[in-house]
Amino acid sequence: MVSPPGQIAFSGSDPVHALLDRASEFTSFFQPVVSLSEGRAIGFEALLRLPTDCVLSGPGAAFASATGSPWLIDLEIAALESHLRAAVELPEGRLFLNLSPTALLDPRFRAGGLAGRIRKAGLSPEQVVVEISEIENVGDPEVFAAAIRPLRDEHFQLAIDDFGAGFANVRLLVELGPEFVKIDRALVTGAWQHPRKRVFLETLGSLGLRVNCSVIAEGVETERDLATVRACGIRVVQGYFTGCPAPAEQARLAPPLRVTGVALIDSPEETVGALALPRDGVGHKTRVGDLIPMFERQPEPAAIPVLEGSRVLGLVTQSILFFHLGHRYGHALWSDRAVSEFVEAHNEGFDHLSALSTLEAAAELIRRRPAWRRFDPLVVENETGGYHGLLPVDRLLGEMTRLKVEYALQSSPLTGLPGSTVLARSVDARLRSAKPFVVGWADLDDFKPFNDRYGFSRGDAALLLLAEILERHLQRGVGELVAHVGGDDFAFLIEPENHVRRAQAAAAEFSERVLGLYDPEDRLAGGIESVDRRGRKRRFGMTSVSVGLVAWNGEPGVNYRRLVEVAAEVKTAAKQTTGPVVLSNQRSLST
């Protein structure tokens, strides 16, 4: 290992020095980062492995020993080189690379140089997510964010690692605006039996949706861990249950992910798991008299679940308990007996449902209740049937009201079009009505080079133009809808009649009118020169629209997700042809 000029010389007795002398023996393992919404690995985190006879106990001990020493950057460079050598064998997806704040501020990790290393390894910066560990104190998050802004210019994505441990800093989350936040494993593993951990997970899951940041739960080691984080509304996970660290070639040949039998999350904001309050329950052998002080100090909901292991036997409400204990001889009769006996004798029923149930399903359950149980909380269970929390009726009604207002107001700040949530609800309504319809997915071809060339102002003008054209051509009939689902992606729901012709007319009009947004010399040249995603300079044609269409004619077992997945796949196929292209789905919708 050769240090740069001015670097302090190695000490022969330093264990990190001895380790760096053997850097050629470093190997890299990769652990999948799994999207539960998509049911697949969206990337792999690179993990260093040291020689088996190394004095240091592992990579964690090595980096701990190097932290604060002159050798930290050398060790990080050696680890990076190992990861990049091995990563070429990985399946398609993002590469998550751990780098310390110290490394990111070092001249040897300047954005341009790091991008050069990535490209030399046959990758592109767009594929790489730089994980910033919070084990080190960042100091001033605003200064740090400004210092690493060149990483954004090179199109790296960012993740905050170990959030909730070490020097966890909400200001860093605000200043960086990362694409990912990885929750520290200590807050995830075993959360199914720790109510306060679940509150934290639910809060972060909701926060991620609000700030457009993917929250990753690390440390998912068991089926219970997976069920819990899913119930908390977290869509992306990492841990031994969904994939062990392995060499890159093994990752390519890995068996299917262990998420079978677990329903995918369609809309975490509209499931009851994220609303449930993780109130502690009591064991079935608990004395009935011991519940009295619990009710006195417990806030709403005024009910306590009775558990046998992780399963709920019954629900003791404050009104039922005090009613029976308040009778003559009631306290003497029940105070010293097991609460399971009380539940068996006085259980008037309790309602339970899965954490992935919709708010509408919960409301329907409450509507069917007898009047004397109308305001008892619901028992929410995870996917293995274990207790997850209690959902008060007023909390459910408040959230349903909030969502109705949000759906009414939801729109893209730029185009004013509704987003994916409104589209999903509209498609679901059409599926329930059993009336045929068509879903389309459209986006702009070669839009990034256009943005790079002319800036975001003219890019926004192109998006506004497309929105106006799509609305005029594709939102004519009752129930038809055009949505801006993010970036340069648009989707729509239209009637089957003449749907192909209408989409073609919209695509053709955009190709004609967008020419007015190009400089005269670029119009004459028929395109612009820019850098592609692999850093190569080449010529791009005029931006145009590719559209994928999928018709639903009553096929059973089809949901919103299946329709938009197929429409997006057909759109991707359309993008293989230059110019405005509209393709219709020809495959079966059966999964």
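Residues numbered from 1 in each chain as written. Predicted model: local features only at pLDDT ≥ 70, side-chain atom pairs only at ≥ 80, totals over all residues. Heavy atoms only, no water.

> Would you mind going over the overall build of the protein with me for this structure?
The number of helices and strands found in the protein is 23 helices and 21 strands. Here the protein holds 591 residues, and the buried ones make up 51% of them. For the protein, the proportion of contacts with a sequence separation of at least 24, taken over those separated by at least 6, is 69%. Taken as a whole, the protein presents about 27400 Å² of accessible surface, with 54% of it coming from carbon and sulfur. (Helix = DSSP H or I, 4+ residues; strand = E, 2+ residues; numbered from the N terminus. Buried < 20%, exposed > 50% of the residue type's maximum accessible area, 1.4 Å probe, protein only. Contact = heavy atoms within 4.5 Å. Areas by Shrake-Rupley, 256 points an atom, 1.4 Å probe, with all protein chains shown as cover.)

> How do you make sense of the layout of surface pockets when you look at a structure like this?
Taken as a whole, the second largest pocket spans an internal volume of roughly 970 Å³. Contributing to the lining of the second largest pocket are 34 residues, with Glu-45, Leu-47, Asn-98, Asp-161 and Asp-162 lying nearest its centre. Of all the secondary structure elements, the ones that give two or more residues to the lining of the second largest pocket are β2 (40-49), α2 (59-66), α3 (72-87), β3 (94-99), β4 (128-133) and β5 (157-163). (1 Å grid on protein atoms, 1.4 Å probe; cavity = no way out; pocket = protein on both sides within 12 Å on 5 of 7 lines; lining within 4 Å. Points joined across faces, edges and corners; volume = space filled by probe spheres on them.)

> Please explain the pairing of strand β14 (residues 387-391) as it appears in this structure.
The side chains of a regular strand alternate, residue by residue, between the two faces of the sheet. Of all the five residues making up β14, five are buried; the element is thus mostly covered by neighbouring parts of the structure. Here strand β13 (residues 378-381) pairs with β14 via four bridges, running antiparallel. Bridging across to β14, Leu-378 finds its partner in Leu-391. Between β13 and the antiparallel strand that follows it, β14, lie five residues; Gly-385 among them carries a positive phi value of about 90 degrees. (Pairing = 2+ DSSP bridges.)

> Looking at this structure, I do not really get the environment of His-83. What am I missing?
Along the chain, His-83 falls in helix α3. A C-alpha to C-alpha distance of 8.8 Å links His-83 and Phe-30, two positions 53 residues apart in sequence. Among all residues touching His-83, those that are not within four sequence positions of it are Ser-28, Phe-30, Ala-46, Leu-47, Leu-48 and Leu-97.

> Looking at this structure, how should I read the sheet that holds β4?
Judged by pairing direction, the barrel is mixed, and its eight strands sit side by side in the order β1-β2-β3-β4-β5-β6-β7-β8 before closing back on the first. On average, adjacent strands in this sheet sit at an angle of 30 degrees to one another, irrespective of strand direction. As paired elements, strand β7 (residues 214-218) and strand β8 (residues 236-238) share three bridges and run parallel to each other. Bridging from a neighbouring strand, Ala-217 pairs with Val-237 of β8. (Axes fitted to C-alpha atoms, helices over the stretch in contact; angles between N-to-C directions.)

> In this structure, what is going on with unusual backbone geometry? I would like to understand it.
Both trends apply: most residues other than glycine have a negative phi, and most peptide bonds are in trans. Notably, His-155 is not glycine yet its phi reads approximately 75 degrees, a positive angle. Mapping His-155 onto the fold places it in the loop between α7 (149-153) and β5. The phi dihedral of Asp-446 is positive, around 55 degrees, even though this residue is not glycine. When its relative accessible area of 30% is taken as the criterion, Asp-446 is described as partly exposed.

> What exactly am I supposed to notice about the pairing of β2 here?
By the criterion of burial, β2 is predominantly enclosed, with eight of the ten residues buried. Examined bridge by bridge, strand β1 (residues 27-35) and β2 share nine bridges and lie antiparallel to one another. Paired with Ser-35 across the strands is Arg-40, a residue of β2. Of the strand pairs in this sheet, β2 and β3 are connected by three bridges, and their pairing is parallel. Paired with Gly-43 across the strands is Arg-94, a residue of β3.

Purely spatial values, then, with no claim about function.
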